[in-house]
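Tertiary structure, described
Read off the chains here:
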Amino acid sequence: MKILLCGAHGFVGRHLSRTLEQAGHTVIHGVHQFSTNTTEQRRELLIDYAKDTYLEIWEKRFAALGKIDIVINAVGVLMQSQKTPFSALHCDAPIALFQAASSAGVRGILQISALGPDDREPETKANCKPLSEYLQTKRAADQFLSQLHSPHLILRPSLIVGIDGASSQLFRSLASLPVIALPGRGEQQLQPVHIDDICHCVRTWATQVAANTAAQHQMIRAVGPQPITYREMLQHYRDVMNLSPAMFIHVPISAMRIGALLARYLPQKVFAPETLQMLEQGNVADSVAFTQFLGQAPRGANTWFADQQAEALASVAIASWSQLLFRLILAFLWISTGLISLWIYPRENSLHLLSQVSINGLAATMVLYLAISFDVLLGISTLSHPSKNLWLCQTVLILTYSFIIGVCLPEYLAHPFAPILKNLPILAILFVLLASEKNSAKFNHPRIKTRTKLRIKQ
C-alpha cells in the first residue's frame, strides 16, 4: 500500500517508516526538512506543520500525490514555542490533514496521540486535574478524527522507550548521575511502552486495512505490561547500565516546577512544565486491549535494552552530562577569575605580580584589564559558542600562563596550594572536550538548500 507518514524524521516516525517499508509498503515521508541521504525508496514531502493548517493546502497535496491508502500522523512536540505552538502542530494541522484524507478516500487514518489521566479506569478519574495544553490539543484532534467516517485508529501510547528516543536518552542520563533528584518522592506512576511494540501494532493495523478487516472506529491505549514508579524506572535504567547504587534525593515539586521553567532555555526538548505536569498526573492504563491487539504481551522493562551492552549505554549517558558539566566549570573558572581580579583582589597586588614578569606602569594596567576582559569573554564563549578552536585557545593560554609563571615566579611551583599543578585537571577537561568534538561538515550538505520541491514519482 501507499502510505503518507507525517513526522517521518521523528523518533516514532523513523521506526514506523522502517517497519512499514520492510513489510513491503511504499512510504512517503512528510518532513519539515529534507534528509541529506534520500534514496528512491525514501521519498519526501516538505511540510510546515506550524503553517499548513488549512484544508485547501492538504487537498492540493493529496491531488498531487495520487492515490494514498493510509495516512499516519506522528507529528508531535513536547515543548512549544511561538514558531511551533501546540495548537497548530497537534490540532489545526492534523484536523486539516484528516479532513482532506477522508475526502480523498483513504482506506485508513492513524493518529499517534498520547496517554493521559483521562485514560485511567473510571474509579480513578475522580480527582484528575485538568489536562495539560499538550494533551488538550491532542484530544481535540482525536475527537475530530473519531467523528469521521473513514476507518481510523487512535493510538495513545504511554512514555515510549527506545535506544534512540529523546526521553529514553534523557532518563538514561539522569539515571547515570551519582546523585539523582526525584520530583517529590518519585512515586509518580508510569507504564512505558517499547517502540518495537508500537511498530508491531501499526504493522498489524496496516495489514488489517489492506485486508479490509480493520475496525471502523478504534482507540487503543498502548502501554507496557504493568505500571512502575518514576524512581523504579530510573533505577532500572541504572541497573541496565551496570552502575553502582546512586543517592536519591527528594526535591519538592514546587522546586521542580521552577527547574522545568528554566530548563526551557537549555539545549533539550523533554523536560518542560508540560512534561512535568503529565508526570505528576500519572501515565497508566489497562494493558489488556493492547496485548490482545498485538497477539502477545508487550515488552517489559527487563527486555527494553537486552541487546545493548551495559558499558556502551553507560558511557553515552555519562558523556551527555559530563561535557555540559565541564563547560559549566570552565565558564565559572574564567568568569570568576576575571571578576575577582576586577573587584575583589587588590589591584596593587595584581600590578606587583605583573612587575615580577617585567611589565610595569601603564603597560601593566592595560595588560591587567585586557586579561580580565579576555577571561570573562572566554567564560561567556564557553557557554554560548563551544568549539574546537575555543578549547585550543584555552589550552594554549593556560600553557602560556603556566610557562611564564614557572620561569618568572618559580616559587609558585613549590607552593603548598599548588596553583600551577592545578592547571593539569583543567587541561584534562579541555582534552576531553577536544576529543568529543564532532565533525559538523556533514550537516552542511550543499544539496539541502536546493531540494525544495516535492520529489515523488508520479
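All values derive from a computational prediction rather than experimental measurement.

**Considering the overall build of the protein chain**
Within the protein chain one finds 15 helices and 13 strands. Dimensions of the protein chain along its principal axes, counting C-alpha atoms only, are 90 × 50 × 40 Å. Classification of the 458 residues of the protein chain by burial places 44% in the buried group. Within the protein chain, counting contacts between residues at least 6 apart in sequence, those at least 24 apart form 77% of the total. Of the charged side chains in the protein chain, 39 are positive and 30 negative, and the gap between their average positions amounts to 6 Å.

**As for the sheet that holds strand β5 (residues 108–112)**
Taken together, 7 strands build an open sheet; the order of strands is β3-β2-β1-β4-β5-β6-β11 and the sheet is parallel. In this open sheet, the two strands that pair with only one neighbour each are β3 (43–46) and β11 (217–222). Each adjacent strand pair in this sheet contributes to an overall mean axis angle of 20°, direction not counted. Strand direction decides the pairing type here: strand β1 (residues 2–6) and strand β2 (residues 26–31), joined by 5 bridges, are parallel. Its bridge partner being in β2, leucine 5 is matched across the sheet by histidine 29. Its contacts with the sheet place helix α6 (residues 195–210) against β4 (70–73), β5, β6 (152–157) and β11, and it is angled at close to 175° to β6.

**Side note on the environment of isoleucine 160**
Tracing the backbone through its elements, the reader meets isoleucine 160 in strand β7 (residues 160–161). You can call isoleucine 160 buried: its relative accessible area is 12%. C-alpha separation for the pair isoleucine 160 and glycine 224, spaced 64 residues apart in sequence, amounts to 9.3 Å. Apart from the residues lying within four places of it in its own chain, the contact partners of isoleucine 160 are Phe11, Val12, Ser167, Ser168, Val193, Ile195 and Ile198.

**Brief notes about unusual backbone geometry**
Glycine aside, negative phi is the norm for most residues, and most peptide bonds take the trans geometry. The backbone of asparagine 212 shows a phi angle near 60°, a positive value even though the residue is not glycine. Residue position: asparagine 212 is located in the loop between α6 and β11. Since its relative accessible area comes to 64%, asparagine 212 is described here as exposed. You will see that serine 358, though not glycine, has its phi angle at about 70°, which is positive. Position of serine 358 among the secondary structure elements: in the loop between α12 (347–355) and α13 (361–384).

**A word on α13**
Counted at 1.5 Å a residue, the expected span for α13 with its 24 residues is 34 Å, and the 35 Å between its end C-alpha atoms agrees. Along α13, the residues classified as buried are Ala364, Thr365, Leu368, Ile372, Asp375, Leu378, Gly379, Ser381 and Thr382.

**Examining the nonpolar core**
Inside soluble globular proteins, nonpolar side chains tend to come together where they are buried. Judged by nonpolar contacts, the single largest core of 33 residues is most densely connected at Leu16, Ile72, Leu110, Leu155 and Trp205. Look past the residues within four positions of leucine 16 in its chain and what remains in contact with it is Leu5, Ile72, Ile112, Ile198, Cys199 and Val202. Among the nonpolar cores identified, the runner-up in size contains 25 residues, and Ile28, Ile47, Trp58 and Ile68 belong to it.

**Focus on the packing of aromatic side chains**
This model, assessed by the stated rule, comprises 5 aromatic pairs. Here phenylalanine 86 and tyrosine 134 contribute two aromatic rings whose centre-to-centre distance is 5.7 Å and whose plane-to-plane angle is 80°, an arrangement assigned as edge-to-face. Note that phenylalanine 86 is positioned in helix α3 (residues 86–103) and tyrosine 134 in helix α4 (residues 133–146), a separation of 48 residues in sequence. Summarising the burial analysis for this pair, phenylalanine 86 and tyrosine 134 share the class buried. Its guanidinium or amino end placed over the ring of tryptophan 58, arginine 61 lies 4.8 Å from that ring's centre, counting from NZ or CZ.

**Digging into the environment of glutamate 232**
With respect to the helices, strands and loops of the structure, glutamate 232 is situated in helix α7 (residues 230–240). For glutamate 232, a relative accessible area of 45% puts it in the partly exposed group.

**Digging into helix α15 (residues 423–436)**
Given a rise of 1.5 Å per residue, 14 residues ought to cover 20 Å, and the 20 Å separating the end C-alpha atoms of α15 matches this to within 8%. What α15 keeps buried is the set Asn423, Ile426, Leu427, Ile429, Leu430 and Leu433. All buried residues of α15 lie within an arc of 155° about the axis, which places them on one face of the element. Seen from the buried face of α15, the exposed residues on the opposite side, beyond 90 degrees, are Leu424, Phe431 and Ala435. Packing partners of the buried residues in α15 comprise α11 (310–344) and α14 (388–408).

Conventions and cut-offs
Residues numbered from 1 in each chain as written. Predicted model: local features only at pLDDT ≥ 70, side-chain atom pairs only at ≥ 80, totals over all residues. Heavy atoms only, no water. Helix = DSSP H or I, 4+ residues; strand = E, 2+ residues; numbered from the N terminus. Buried < 20%, exposed > 50% of the residue type's maximum accessible area, 1.4 Å probe, protein only. Contact = heavy atoms within 4.5 Å. Lys, Arg positive; Asp, Glu negative; His and termini not counted. Charge placed at Lys NZ, Arg CZ, Asp CG, Glu CD. Pairing = 2+ DSSP bridges. Axes fitted to C-alpha atoms, helices over the stretch in contact; angles between N-to-C directions. Expected span 1.5 Å × (residues − 1). Core = buried A, V, L, I, M, F, W, Y, C linked by side-chain atoms within 4.5 Å. Phe/Tyr/Trp six-rings, centres within 6.5 Å; stacked < 30°, edge-to-face > 60°. Lys NZ or Arg CZ within 6 Å of the ring centre and 35° of its normal. Arc of directions from axis to C-beta.

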